[in-house]
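# Inside the fold
Here are the chains, one letter per residue:
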Amino acid sequence: MDDPELVSVYGNLNLPVGSASRPLVSLLLIAYNQERYVRAAIEGAFAQEYSPLEIILSDDCSPDRTFAIMEEMAREYRGEHKVLLVEHAKNLGLIGHVNDLLERASGEILVLAAGDDISLPNRVGSLVRRFAADSTAKLIHSNAVEIDKEGRVGAIQRPPATTEYVDPEALAASGSIYIGATGAFKRELFETFGP
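Our subject in this report is the structure included herewith. (Residues numbered from 1 in each chain as written. Predicted model: local features only at pLDDT ≥ 70, side-chain atom pairs only at ≥ 80, totals over all residues. Heavy atoms only, no water.)

### Comments concerning the overall build of the protein chain
Secondary structure assignment for the protein chain yields 6 helices and 9 strands. By the burial criterion, 41% of the 195 residues in the protein chain qualify as buried. Pairs at least 24 apart in sequence give 78% of the contacts found in the protein chain among residues at least 6 apart. When the accessible surface of the protein chain is totalled, it reaches about 10,800 Å², and 53% of it is carbon and sulfur. (Helix = DSSP H or I, 4+ residues; strand = E, 2+ residues; numbered from the N terminus. Buried < 20%, exposed > 50% of the residue type's maximum accessible area, 1.4 Å probe, protein only. Contact = heavy atoms within 4.5 Å. Areas by Shrake-Rupley, 256 points an atom, 1.4 Å probe, with all protein chains shown as cover.)

### A word on the layout of surface pockets
There is about 860 Å³ of room inside the largest pocket. For the largest pocket, the lining is made up of 28 residues, of which Asp117, Ile118, Ala144, Val145 and Ile147 are closest to its centre. Taken together, the residues that form the lining of the largest pocket break down as 12 nonpolar, 8 polar and 8 charged. (1 Å grid on protein atoms, 1.4 Å probe; cavity = no way out; pocket = protein on both sides within 12 Å on 5 of 7 lines; lining within 4 Å. Points joined across faces, edges and corners; volume = space filled by probe spheres on them. Nonpolar A, V, L, I, M, F, W, Y, C, P; charged D, E, K, R; others polar.)

### Remarks on the side chain of glutamate 54
Following the sequence through the fold, glutamate 54 ends up in strand E3 (residues 53-59). Look past the residues within four positions of glutamate 54 in its chain and what remains in contact with it is Leu15, Leu24, Val25, Ser26, Leu27, Lys82, Leu84, Ala105, Ser106 and Gly107.

### Points about the sheet that holds strand E4 (residues 82-87)
Spatial strand order, E1-E4-E3-E2-E5-E9-E6: 7 strands in an open sheet with mixed pairing. Two strands bound the open sheet, and with one partner strand each, they are strand E1 (7-11) and strand E6 (139-140). In the sheet, E3 pairs with E4 via 6 bridges, with the strands oriented parallel. Looking at the pairing, isoleucine 56 lines up with leucine 84 of E4. Packed on one face of the sheet, helix H3 (residues 93-104) meets E1, strand E2 (25-31), E3, E4, strand E5 (109-114) and strand E9 (184-186) and runs near 155° to E2. With respect to the sheet, helix H4 (residues 123-133) is in contact with E2, E3, E5, E6 and E9, its orientation differing from that of E5 by roughly 140°. (Pairing = 2+ DSSP bridges. Axes fitted to C-alpha atoms, helices over the stretch in contact; angles between N-to-C directions.)

### Focus: the packing of aromatic side chains
Tallied over the entire structure, the rule returns 1 aromatic pair. Where phenylalanine 46 meets tyrosine 77, the ring centres are 4.2 Å apart and the plane angle is 40°; that geometry is what we call tilted. Here phenylalanine 46 is found in helix H1 (residues 38-46), whereas its partner tyrosine 77 is found in the loop between helix H2 (66-76) and E4, with 31 residues between them in sequence. Here phenylalanine 46 matches tyrosine 77 in class, with each residue buried. (Phe/Tyr/Trp six-rings, centres within 6.5 Å; stacked < 30°, edge-to-face > 60°.)

### Quick look at H4
Taken as a whole, H4 has its buried residues at Arg123, Val124, Gly125, Leu127, Val128 and Phe131. Against E2, E3, E5, E6 and E9 lie the buried residues of H4.

### Quick look at the environment of glycine 183
Structurally, glycine 183 is set in the loop between helix H5 (168-174) and E9. With 72 residues separating them along the chain, glycine 183 and valine 111 place their C-alpha atoms 6.2 Å apart.

### Considering the side chain of histidine 88
Mapped onto the fold, histidine 88 is located in the loop between E4 and H3. Polar side-chain contacts of histidine 88 include one of 3.5 Å to the side chain of aspartate 100. (Polar contact = N/O pair within 3.5 Å; in protein donor to acceptor, adjacent residues only side chain to side chain.)

### A look at H3
An α-helical turn contains 3.6 residues, so any two residues separated by three or four positions project in the same direction. Under the 1.5 Å per step criterion, the end-to-end length of H3 is 17 Å for 12 residues, consistent within 8% with the ideal 16 Å. Those residues of H3 lying buried are His97, Val98, Asn99, Asp100, Leu101, Leu102 and Arg104. (Expected span 1.5 Å × (residues − 1).)

### Describing a nonpolar patch on the surface
A cluster of nonpolar side chains, Ile118, Val145, Ile147, Val153 and Ile156, forms an exposed patch at the surface whose accessible area comes to about 460 Å². Those elements that place two or more of their residues in the nonpolar patch are strand E7 (144-147) and strand E8 (153-157). Examined against the element boundaries, isoleucine 118 turns out to sit in the loop between E5 and H4. Classification of isoleucine 118 by relative accessible area gives partly exposed; the value is 49%. (Patch = residues over 30% accessible without salt bridge, like charges linked within 9 Å, V, L, I, M, F, W, Y side chains within 5 Å. Salt bridge = Lys/Arg side-chain N within 4 Å of Asp/Glu carboxyl O.)

Following this line, the structure appears as structure tokens:
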């Protein structure tokens, strides 16, 4: 964990813990060197209609202005969500960064987003409803709309659907079965398998 001075809290400091019908969700927005896109990603996180929501904005020691933008937006945030701002003193790399935030997160459901992922306002609410509809689900994801570097909307990226058995080794190597930019999972998945 980082020095506690590198973590700041903004927004709703009295966020309710949640209930069976409205669980606490943590949206983890991880960034590294994404100053060009991170503002739109944060705006998407702040616009979430679902509550109770904890948003963790975390920069992995970017050499650009990514953290400065995160800090400015967190400081100015006046919404209903709780916002934690994390600045890493050294670069942890993708997996180290995600694992650190999973340890910090309070939510029963964990939603991942990168500094170049823009979440629609209904993203978290839709994920929660989907988990509620299937109590056996531990990890879910959805379609994504591709956006190019200039902000032009492109094709809809759809995860492959199959009802047939897929070899776990082939699945792990495919790289295309899970769309990380739309993913969410229950805390119990992390607690079962660990970092």
